[in-house]
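Below are the chains, spelled out letter by letter.
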Amino acid sequence: MSEQYLKAYDEHRFVSSLPWLNSIRASAKQQFSQVGFPTQIEEEWRYTNLAILNKTLFLPAVLDNNFLETECLQQHILPDVWSMVLVDGHFNAALSNLAGLPDNTLVMSMQEALVQHPEKIEAYFSQAVSEEESGLIAFNNSWFMDGVFCYVPANCQLEKPLQIIHVSTQANTMANTRHIIALDVSAQAEIIETFIGVDEHYACVAVSEIFLADNAQLTAYKMQSESDKAFHFGGLYIKQARDSQFIHHNFAFGGRVARTDVHTDLGQAASCDLNGLYIGASRQHIDNHTRIEHNQPHAVSKELYKGLLDERARAVFQGRVLVAEQAQKTDSNMYNRNLLLSDKAEIDTKPQLEIYADDVKCAHGVTVGQLDEKLIAYLQARCIDEATAKNMLTFAFANEMVEKVNNKALYKQILAKVLEKFPQKGIEADWL
Amino acid sequence: MLSIKNLHVSVGDKAILKGINLTINAGEVHAIMGPNGAGKSTLSHVLSGKSGYTITEGSVTYKGQDLLALAPEIRAREGVFLAFQYPLEIPGVSNIYLLKAALNAMRQHQGLPEVDAMDFLTLVKDKIKLLEMDQSFLYRSVNEGFSGGEKKRNEILQAAILEPSLCVLDETDSGLDIDALKIVSAGVNSLRSADRAFLMITHYQRLLDYIKPDIVHVLADGKIVKSGGAELALELEEKGYNWVEEQAA
Ligand SMILES: Nc1ncnc2c1ncn2[C@@H]1O[C@H](COP(=O)(O)OP(=O)(O)OP(=O)(O)O)[C@@H](O)[C@H]1O
Ligand SMILES: [Mg+2]
């Protein structure tokens, strides 16, 4: 399948005046021509079949300024944010709002950044993830169209979140984007990435490289609400310098085949907090991969991913924690909890711990199963019948992750989405 | 209100309750004391309808009905409330949601309409003040991250909202400091009325200083071995359970 992409994408070569970029693109193309899209032979892709890319040849969308469904788009843009809208992979300035950013903070499209600040992009590009990571990264390196560049200077705290909205509007197209996000020393920011699209077959590939300098703090949300017919790949690759903090909330609701990679490399005493919620129904396939590397001492990683699967949905969770020999005093825990609501639903969950240091605290756990009978009994002792109790607890299972969202408007949006996806009736929206 | 006759209960092959006889009338406060493992919690669980117990003999009549034939949630709606010895945490379900869902289920059972949202808020705020809890507890997940004492107070808050007829308190006083004990006791005392009865399981006479029982029972090895007035608790504290068990033997 990869050959047809190679051939088709040859016409869509992006040639720039930047020799370093041309060489990255050329090398990535070479790499892609060798490895192609990931296959199930690769350990990291064992449970996920990308045949969907074969059924349709997803080509880059031509810029379509007739995008009229702004109403639908507007309801996804949160109040009180700086927003950047990418329509079919191309930045749309008219739909975006970046007014009033603090001095020295740079937020712009990747295309603009390559013109205005090529030296900055060059310094960061491919530093957090390389073309060898997977065929999809090579593909993205070679053919990314646009994306977002965000740089927050030292000691600067962005007082509003930056929301990046990916909208796919055309059938059979692929949006292929690349972000670079860099927070300088002690900078602080919140980034919300939203993925939506029309009810069509399309593909969205979004790769982000994130750089947190010493003591920087980033909270990032991902709200993946693609069409149930779409292919989605989102990769987040983070380099965390010492004392930096990264908090991630990953909500995976949409896509026919959806995959998210979150890889972070922790510096000394850095911390990451990875939260995830995936809800699948019909024949959705939702795959989440995380990799946490403890290469320095005293770092802390916490991870909790929860999944709710109904009908014939399938999910994959693969979480790797690597603790290098010198990473003493590592404190790490990783949990994956799943509820299967139908006997046709399926989860492949695989936590992997590789620990080479001896003075560490590491815990992990996986559950796949049913609701806690004791909790059902407790609710029954409080007047609630068994069916309602199960319903409440199923919702609560998901709601635990939603409640971690501190941004009020986003919280409401996600809650609405969960209720919409929620398989059982009778759950009231007033859980507050 | 409640009449337990010759109740035998086992878990698997193990007999735990071995012939309990107990009658509680409306308006009365009964205390049950007894050594660890005597079967006190088992009795409370059997009354509330928890599964996993086999009734091998005997009967329980509540307000004229066969209590053991009712589903647990029906017992609760009929006014049997158990404050658990170890209240469970329910992540993702807020306290106020549970209170509302429970109250509405009870009202529906009684043929009453759903509680009005404003009335409910007023009621809840009133009761939460009574138990000297912060309002923020309403919006937190049920018991999640609560201290031991906060969990116990939360159980009494639920009772205060549901206004049950028969309140079974399983070691609600254990682990409370003196201030919390006073607050919880005040909450319980505010519920006392001529048409409501209490069954309090406790290890400590201290509780009975704040909630004066009409009758004290000693439960040992699955049987009530002695019953008496409030003074029995004082005697027990002084002489220990062995004294009663020896007397009974
Ligand atoms: N599910 C069970 N399976 C096996 N044994 C049980 C079970 N539940 C209770 N038991 C046993 O029954 C006996 C009575 O337990 P119960 O919890 O009722 O005691 P208790 O009087 O409440 O004690 P405590 O004062 O420690 O709370 C104990 O020996 C206990 O181990
Ligand atoms: Mg007990």
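Residues numbered from 1 in each chain as written. Chains lettered and ligands numbered in written order. Predicted model: local features only at pLDDT ≥ 70, side-chain atom pairs only at ≥ 80, totals over all residues. Heavy atoms only, no water.

J.: Which residues make up the packing of helix 2 (residues 19-35) of chain A against helix 7 (residues 135-143) of chain A, and what are the values?
T.: Residue and element names in this part refer to chain A. Interhelical geometry of helix 2 versus helix 7 gives an angle of 145° and a closest axis separation of 8 Å. Note that helix 2 runs across helix 7; the crossing there is left-handed. The residues of helix 7 that touch helix 2, namely those facing Ile-24, Arg-25, Ala-28, Lys-29, Gln-31, Phe-32 and Val-35, are Gly-135, Ala-138, Phe-139, Asn-141, Ser-142 and Trp-143. Counted by class, the contact of helix 2 with helix 7 contains 7 nonpolar, 4 polar and 2 charged residues. (Axes fitted to C-alpha atoms, helices over the stretch in contact; angles between N-to-C directions. Helix = DSSP H or I, 4+ residues; strand = E, 2+ residues; numbered from the N terminus. Left-handed = near helix turned anticlockwise from the far one by under 90°. Contact = heavy atoms within 4.5 Å. Nonpolar A, V, L, I, M, F, W, Y, C, P; charged D, E, K, R; others polar.)

J.: Tell me about unusual backbone geometry, and name the residues and values.
T.: Although it is not a glycine, Ala269(A) sits at a positive phi angle of roughly 55°. Turning to its location among the elements, Ala269(A) is positioned in the loop between strand 13 (257-266) and strand 14 (271-280). Its relative accessible area of 31% is what places Ala269(A) among the partly exposed residues. Phi at Asp221(B) takes a positive value of approximately 45°, unusual for a residue other than glycine. Looking at the element boundaries, Asp221(B) is found in the loop between strand 11 (215-220) and strand 12 (223-228). (Buried < 20%, exposed > 50% of the residue type's maximum accessible area, 1.4 Å probe, protein only.)

J.: Describe the site of ligand 1, with residues and values.
T.: Residues and elements named next belong to chain B. Not every one of the 14 residues close to ligand 1 is listed here, only the nearest: Asn-36, Lys-40, Ser-41, Thr-42 and His-203. Here ligand 1, which alone exposes 630 Å², has 63% of that area covered by the protein. Elements that contribute at least two residues to the shell around ligand 1 include exactly strand 2 (14-24) and helix 1 (40-48). Considering each element in turn, the shell around ligand 1 owes the most residues, 3 residues, to helix 1. Split into classes, the residues belonging to the shell around ligand 1 amount to 4 nonpolar, 7 polar and 3 charged. (Near = heavy atom within 4 Å. Areas by Shrake-Rupley, 256 points an atom, 1.4 Å probe, with all protein chains shown as cover.)

J.: Tell me about the sheet that holds strand 3 (residues 29-33) of chain B, residues and numbers included.
T.: All names here are of chain B. The 6 strands are arranged 6-9-10-3-11-12 in an open sheet whose pairing can be described as mixed. The open sheet has two edge strands, strand 6 (80-83) and strand 12, and neither has a second partner. Direction aside, the axes of adjacent strands within the sheet are offset by 20° on average. For strand 6 and strand 9 (residues 166-170), the ladder comprises 4 bridges, and the chain directions are parallel. Of the residues in strand 9, the one forming a bridge with Phe-81 is Cys-167. Relative to the sheet, helix 5 (residues 148-162) contacts strand 6 and strand 9, its axis offset from that of strand 6 by approximately 165°. (Pairing = 2+ DSSP bridges.)

J.: Would you mind going over the nonpolar core in detail, with residue names and values included?
T.: Within the largest apolar cluster, 76 residues are counted, with the highest numbers of intra-cluster contacts made by Leu277(A), Ile414(A), Val418(A), Leu2(B), Ile4(B) and Leu7(B). Ranked by residues supplied to this core, first place goes to helix 9 (residues 386-402) of chain A with 9 residues. Both domains that furnish three or more residues to this core are identified here as domain 1 (2-266) and domain 2 (372-432) of chain A. Excluding residues within four positions of it along the chain, Val418(A) makes contact with Phe253(A), Leu277(A), Ile279(A), Phe395(A), Ala398(A) and Val402(A). (Core = buried A, V, L, I, M, F, W, Y, C linked by side-chain atoms within 4.5 Å. Domains from an automatic or database assignment.)

J.: Pulling in residues and values, what's your account of the interface of chain B and chain A?
T.: Tallying the contact residues gives 32 residues for chain B and 21 residues for chain A. Counting each side, the surface lost to burial between chain B and chain A is near 2200 Å², with a carbon and sulfur contribution of 65%. Of all residues in chain B, Leu88(B), Gly92(B) and Tyr97(B) give up the largest surface area on contact with chain A, accounting jointly for 27% of the area buried on that side. Where chain B meets chain A, there are 2 salt bridges. At the boundary of chain B with chain A, the tally comes to 8 residue pairs in polar contact (both at pLDDT 80 or more). Those elements giving two or more residues to the side of chain B that touches chain A turn out to be helix 2 (72-77), strand 6, strand 7 (90-94), helix 3 (95-109), strand 8 (141-142) and helix 5 of chain B. A breakdown of the residues in the side of chain B that touches chain A according to their chemical character gives 21 nonpolar, 5 polar and 6 charged. (Buried area = accessible area lost by both parts, 1.4 Å probe. Salt bridge = Lys/Arg side-chain N within 4 Å of Asp/Glu carboxyl O. Polar contact = N/O pair within 3.5 Å; in protein donor to acceptor, adjacent residues only side chain to side chain.)

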